[in-house]
Amino acid sequence: MSEIQFNHVQTAHCESGVISNLFRHYGLSISEPMAFGIGAGIFFGHLPFLKVHGVPGTTYRIWPGAIFQRVCKRLGASMQWQRFSSPEKAMQELDNVIGRGIPVGVLSSVYYLPYFPPSYRFHFNAHNLVIYGKHEGNYLVSDPVMDTVTEIDPVSLAAARFAKGFPEPKGKMYYPLQVPQSVSWEKPIRQGIDQACHYMLKIPFSPFGVKGIRFLAKRLAHYPEKVGERRSVLYLGNIIRMQEEIGTGGAGFRFIYAAFLQEAAELLNNRELARLSQELTRIGDLWRNFAFNAGRVCKNRAVNNVSYHELSEMLMQCAAAEEIFFKELSRVKI
């Protein structure tokens, strides 16, 4: 099978990175931050009732797949999406499509990707990558979070595509059927901003958006007496991991979204978006400060005995800053 000529660019986040790389392959230049912003990827949710490996779920981005769907809809692209009942059918169809010279996005579990360092291989089943050919029986991989292309053997790829747990990838694969060669950015940018502001400010349920940050802050203050010291460290460690490691450019995607606002400001010649980009970078620094101090608490190295109550106050500051930020962003004229 011949290799598809595919231009790999390393990005910070797998879903928006695959969007950027795939669309660029078909002639539409879109950066990772622009894909993330148009797809209204920024979000927050804390779900104590939804435990992953015994730890409450925390997310700083919208649910997997939503960014891709929104970007396609807003830019007028069409995609072929497929899931499969068995690894055999999934691998056969993958071979068929890349055999036609079409690079394919696939959903996978990080745990079964042998090119990841062992310390990064854990059970996360929503990682996106691109398969763009085969070489001597191995699949050629453009994984957007890696600095260069790599390969994966068929057994490992099949295991990654059919990993058990939540959510199950079920062999999901996708590829563009039609990508516009040029687009008008103004309307998609406005739509993405409006949706992000709505999700961060107006969802009526306490676990989501700015309310969700405050919801977590209140619970965090009482972790030691509610769940015990050991579980407190596990819970806190997962909050940091989701913020700083799981498919993020740092600070729970706040820096990526700030980069989107800066790019949008330049495209639309909008000074207010440029100002808000700088403000969100400052808020990202607040999140980073929380993660730094939380990490020290986890390792029992807290400076001046930083407590869970103080970490809670740091989250409250993040919530207050984000509430002001998204209210201002919702009022920007584009």
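See the structure above.
Asks: Is there a simple way to explain the environment of Val 52 in this structure?
Replies: Tracing the chain through its elements places Val 52 in strand β1 (residues 42-52). Exposure remark for Val 52: the relative accessible area of 34% places this residue in the partly exposed category. Expressed as a C-alpha distance, the spacing of Val 52 and Ser 206, which sit 154 residues apart in the sequence, is 20 Å.

Asks: How should I be thinking about helix α7 (residues 209-220) in this particular structure?
Replies: Because the α-helix completes a turn every 3.6 residues, residues three or four places apart line up on one side. With 12 residues, α7 should reach 16 Å at 1.5 Å per residue; the first-to-last C-alpha distance of 17 Å fits that figure. Three or more residues of α7 are buried, namely Gly 209, Val 210, Gly 212, Ile 213, Leu 216, Ala 217 and Leu 220. Looking down the long axis of α7, one finds its buried residues gathered within 160° of arc, a one-sided arrangement. Its buried side turned inward, α7 meets β1, α6 (186-201), α8 (223-227), α9 (229-244), α11 (271-298) and α12 (308-330).

Asks: Is there a simple way to explain the environment of Trp 185 in this structure?
Replies: Note on placement: Trp 185 falls in the loop between β8 (173-178) and α6. Note: C-alpha distance between Trp 185 and Ile 62 (123 residues apart in sequence) is 21 Å. If we skip the residues at most four places from it in the chain, Trp 185 touches Ser 29, Ile 30, Met 34, Ile 38, Leu 75 and Leu 267.

Asks: Please explain the side chain of His 46 as it appears in this structure.
Replies: Checked against the element boundaries, His 46 lands in strand β1. Among the polar contacts made by the side chain of His 46, one reaches the side chain of Thr 58 at a distance of 2.9 Å. Apart from the residues within four sequence positions on either side, His 46 is in contact with Pro 56, Gly 57, Thr 58, Pro 207, Gly 212, Phe 215, Leu 216, Arg 219 and Tyr 223.

Asks: It is not clear to me how the nonpolar core should be interpreted in this structure. Could you clarify?
Replies: Inside soluble globular proteins, nonpolar side chains tend to come together where they are buried. Phe 23, Tyr 257, Trp 287, Phe 290 and Leu 329 are the most contacted members of the largest nonpolar core, which totals 108 residues. Among the elements that take part in this core, α12 stands out by supplying 10 residues, more than any other. Beyond its immediate stretch of four places on either side in the chain, Trp 287 contacts Phe 44, Tyr 60, Ile 213, Gln 243, Ala 251, Arg 254, Leu 315, Cys 318 and Glu 322.

Asks: Where do I start with the sheet that holds strand β7 (residues 150-152) in this structure?
Replies: Strands belonging to one sheet form pairs held by backbone hydrogen bonds; the direction of such a pair is parallel or antiparallel. An order of β3-β8-β4-β5-β6-β7 is seen for the six strands of this open sheet, with the pairing classed as antiparallel. Two strands lie at the open edges of the sheet, namely β3 (78-82) and β7, each paired on one side alone. Going from strand to strand, the sheet's axes swing by 40° on average, the running direction of each strand aside. Alignment of strand β4 (residues 104-108) against β8, held across two bridges, turns out to be antiparallel. Counted as the bridge partner of Gly 105 is Tyr 174 from β8. Along the sheet face, helix α1 (residues 14-25) touches β3, β4, β5 (127-135), β6 (138-142) and β8 and points at about 40° away from the line of β5. Where helix α5 (residues 154-161) meets the sheet, its contacts fall on β4, β5, β6, β7 and β8, and the angle it forms with β4 comes to roughly 65°.

Asks: Help me understand the packing of aromatic side chains, please; the structure alone is not making it clear to me.
Replies: Between two aromatic rings, the relevant description is the distance of the centres plus the angle of the planes. For the structure shown, the criterion picks out 20 aromatic pairs. Consider the rings of Phe 68 and Tyr 174, whose centres lie 4.9 Å apart with planes at 70°: the pair is edge-to-face. In this pair, Phe 68 is assigned in helix α3 (residues 66-75) and Tyr 174 in strand β8, connecting sequence segments 106 residues apart. Of the two residues examined, Phe 68 and Tyr 174, each falls in the buried class. Ring centres of Trp 81 and Tyr 174 lie 5.2 Å apart, and the angle between their planes is 35°; on these two criteria the pair is classed as tilted. Of this pair, Trp 81 sits in strand β3 while Tyr 174 is found in strand β8, placing the two residues 93 residues apart along the sequence. Ring pairing ties together the aromatic residues Phe 23, Phe 68, Trp 81 and Tyr 174, which thus form one cluster.

Asks: Looking at this model, I keep getting lost on a positive patch on the surface. Mind explaining?
Replies: Together, Lys 51, Arg 219, Lys 226, Arg 230 and Arg 231 make up a positively charged patch on the protein surface. Relative to the helices and strands, Lys 226 resides in helix α8. Given a relative accessible area of 67%, Lys 226 falls into the exposed group.

Asks: How do you make sense of the pairing of β8 when you look at a structure like this?
Replies: The side chains of a regular strand alternate between both faces of the sheet. Bridge count between β3 and β8: five bridges; the pairing is antiparallel. Counterpart to Gln 80 in the pairing with β8 is Tyr 175.

Analysis parameters
- Residues numbered from 1 in each chain as written.
- Predicted model: local features only at pLDDT ≥ 70, side-chain atom pairs only at ≥ 80, totals over all residues.
- Heavy atoms only, no water.
- Helix = DSSP H or I, 4+ residues; strand = E, 2+ residues; numbered from the N terminus.
- Buried < 20%, exposed > 50% of the residue type's maximum accessible area, 1.4 Å probe, protein only.
- Expected span 1.5 Å × (residues − 1).
- Arc of directions from axis to C-beta.
- Contact = heavy atoms within 4.5 Å.
- Polar contact = N/O pair within 3.5 Å; in protein donor to acceptor, adjacent residues only side chain to side chain.
- Core = buried A, V, L, I, M, F, W, Y, C linked by side-chain atoms within 4.5 Å.
- Pairing = 2+ DSSP bridges.
- Axes fitted to C-alpha atoms, helices over the stretch in contact; angles between N-to-C directions.
- Phe/Tyr/Trp six-rings, centres within 6.5 Å; stacked < 30°, edge-to-face > 60°.
- Patch = residues over 30% accessible without salt bridge, like charges linked within 9 Å, V, L, I, M, F, W, Y side chains within 5 Å.
- Areas by Shrake-Rupley, 256 points an atom, 1.4 Å probe, with all protein chains shown as cover.
- Salt bridge = Lys/Arg side-chain N within 4 Å of Asp/Glu carboxyl O.
- Lys, Arg positive; Asp, Glu negative; His and termini not counted.
- Charge placed at Lys NZ, Arg CZ, Asp CG, Glu CD.

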